[in-house]
Amino acid sequence: MPSTGSSTNVSARELFDQWAPRLLAFLKTKLRTRPEIDAEDALYDLWVKCAEKTFEQEESQRMLFAAARNLAIDLMRKKAARQWPETGVEKIDPADQPHEKLITREKHAKLADCLKKLDAAHPEQARIIRAILRGDGYEVVCQESNMTPAKAYKLKFNGIASLRKCVEGGGEP
Amino acid sequence: MSIIALDMPSERDERISWLEKQLIGLELGGLTSQLEAVNGPGDSSQTLDTILGDKQTGVLAGGFSELNDKQIAQLLTHPRLLLELQECVCERGGAYWSRIELTAGMRQAVDRVRRRLDVQAVVPERTVIARIGPWLGWVVAAAIAIVVAVNWQSSRNDPSWGWLRPDALASSASTDRGAYLNRLAGSANEWFQVRPTDRTAAAARISELRRGCTRLLLSEHPGLPPADKDWLLERCQVWAGKLDQQLAFLESGMEASQVIAQVDETVNALIKALRLRATTNVS
């Protein structure tokens, strides 16, 4: 594991506890278009690769995230190298899980679709959910729609339940 | 896959805290594409600089509470910028972002990687044996076995985790109080590294945590001002009482998993309290 220079005396474990969550979040986002590459594996590889390195605590954040960025690029390149050069179509590999990516994309599209259906079935519920998802608070929603906070809360609660049902189960909102 | 966007709270303070958690969480990619599906990608001329303006440094140091409602709304309606912001926070964000409570999923994921690294740490010994040949290898293996046995025995007598770890409470009058309280929180977090499944193992683990409390109660904490020290002792007595009670539940027949879940709550609460205290100014 990496460690910091003797002047700061921070153990590898402390370094891991301090940075591992943010590194994992960083790697997960960097690798999001490649769900077949596991971010936990990448974090493990990163820590093993940094095993012999020693650096000052002040620069640990910069060094670790630079290494994480390079590792993510390497992993993506390795995947890209497996594409057919002429067509750009990816070779079929049983280890990859492109269907997972498709399912996720479909569900996100379905969320928008279900919200449209909610617009038609329960416009007030749809309006309040759209308002919250674009960052408006209850006070703005209540003011604009001239409704009480209790009513707004109930509409949001019912609207979310309908949307979840529609996205997960395929039912009408 | 969960529709995480639908979990977004509608009250400002809760939403800020939730968004911060997502920004350093594992589901930001999902959240941004869900927001994009509903709100659209947003105006491409908007950048982090135009939205955050002179608050960018403030966000890196102190989180989203630096932003006004309009700025938060602009981030939600330009979801891709949340991904950019995550990169900035990871690479340049200050200690504030390390104090944010982790989601259960993140904690478990980090624990899994930590366990794999702990296991990997013994591999070089095996490599040495393979290189020096079978005969000498056996001698070395026997020597390693003795060392491991001795270490195992001593670790059974004095578990080296949490507040029982020899350096866990090391401090001097010049120690930074915030760093010390955060270190105590970090040590307490080691509770989650081992997940006992039976009642005997659970009792041993909880007893070790409880002994750590005793050590905390009896220590001088020279790095803490009197107000912090009083607070810590008062809180620690409460935590110790809860652990005693949970141990009693276990001894009276309650399932290990139920008691462990209760201890998890206690430990999470005490970590949160320590981290919050670390950010609070005391006179």
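The following refers to the structure shown. The written sequence of each chain sets the order in which its residues are numbered from 1. In the order they appear in the text, chains get letters beginning with A and ligands get numbers beginning with 1. Where totals are concerned, whole chains, interfaces and linings use all residues; where local detail is concerned, this predicted model gives features only for residues with pLDDT of at least 70, and gives and counts side-chain atom pairs only at 80 or more. The basis for the side-chain values is all heavy atoms of the structure; hydrogens and waters are excluded.

1. Description of the interface of chain B and chain A
Move 1: Residue contacts follow a heavy-atom distance rule, with two residues in contact if any of their heavy atoms lie within 4.5 Å. Facing 51 residues of chain B, the contacting portion of chain A comprises 46 residues.
Move 2: When two components associate, each loses some accessible surface as probed by a 1.4 Å sphere; the sum of these losses over both components is called the buried area. Surface buried jointly by chain B and chain A totals about 4,400 Å² across both partners, of which 58% is contributed by carbon and sulfur atoms.
Move 3: Counted as salt bridges are all cases of a side-chain nitrogen of Lys or Arg within 4 Å of a carboxyl oxygen of Asp or Glu. Where chain B packs against chain A, one counts seven salt bridges.
Move 4: The residue Glu40(A) makes a salt bridge to Arg112(B) at a minimum N-O spacing of 2.7 Å.
Move 5: Whenever two N or O atoms come within 3.5 Å, that pair is a polar contact, provided that in protein one can donate a hydrogen and the other can accept it, and provided that, for residues adjacent in sequence, both atoms are side-chain atoms. Where chain B meets chain A, there are 19 residue pairs in polar contact (both at pLDDT 80 or more).
Move 6: Mapped by element, the contributors of at least two residues to the side of chain B that touches chain A are helix H2 (28-39), helix H5 (69-77), helix H6 (80-92) and helix H7 (104-120) of chain B.
Move 7: With ten residues, H7(B) is the largest single contributor of residues to the side of chain B that touches chain A.
Move 8: In terms of residue class, the side of chain B that touches chain A is made up of 24 nonpolar, 14 polar and 13 charged. We count a stretch as a helix when DSSP gives it H or I for four or more residues in a row; a strand needs E for two or more, and each element gets its number in order from the N terminus. Under the grouping applied here, Gly and all other residues not named as nonpolar or charged are polar, the nonpolar ones being Ala, Val, Leu, Ile, Met, Phe, Trp, Tyr, Cys and Pro and the charged ones Asp, Glu, Lys and Arg.

2. A look at the packing of aromatic side chains
How two aromatic rings sit relative to each other is set out by the distance from centre to centre and by the angle between their planes.
Move 1: Here is the rule: rings of Phe, Tyr and Trp (six-membered ring for Trp) pair when centre to centre is within 6.5 Å. Planes less than 30 degrees apart are stacked, more than 60 are edge-to-face, and the remainder are tilted. Per the stated rule, a full pass over the model turns up eight aromatic pairs over all chains.
Move 2: Judged by centre distance (5.1 Å) and plane angle (85°), the rings of Phe16(A) and Trp47(A) are edge-to-face. Of the two residues, Phe16(A) is situated in helix H1 (residues 12-30) and Trp47(A) in helix H2 (residues 39-49); the sequence distance between them amounts to 31 residues. Each member of the pair, Phe16(A) as well as Trp47(A), is classed as buried.
Move 3: A centroid spacing of 6.5 Å and a plane angle of 85° characterise the contact between Trp231(B) and Trp239(B), whose relative ring orientation is edge-to-face.
Move 4: Each residue's exposure class comes from its accessible area (1.4 Å probe, protein chains only) as a fraction of the maximum for that residue type: buried when under 20%, exposed when over 50%, partly exposed otherwise. A relative accessible area of 18% places Trp231(B) in the buried class.
Move 5: Taken together, the ring pairs in this structure connect Trp19(A), Phe26(A) and Phe65(A) into an aromatic cluster.

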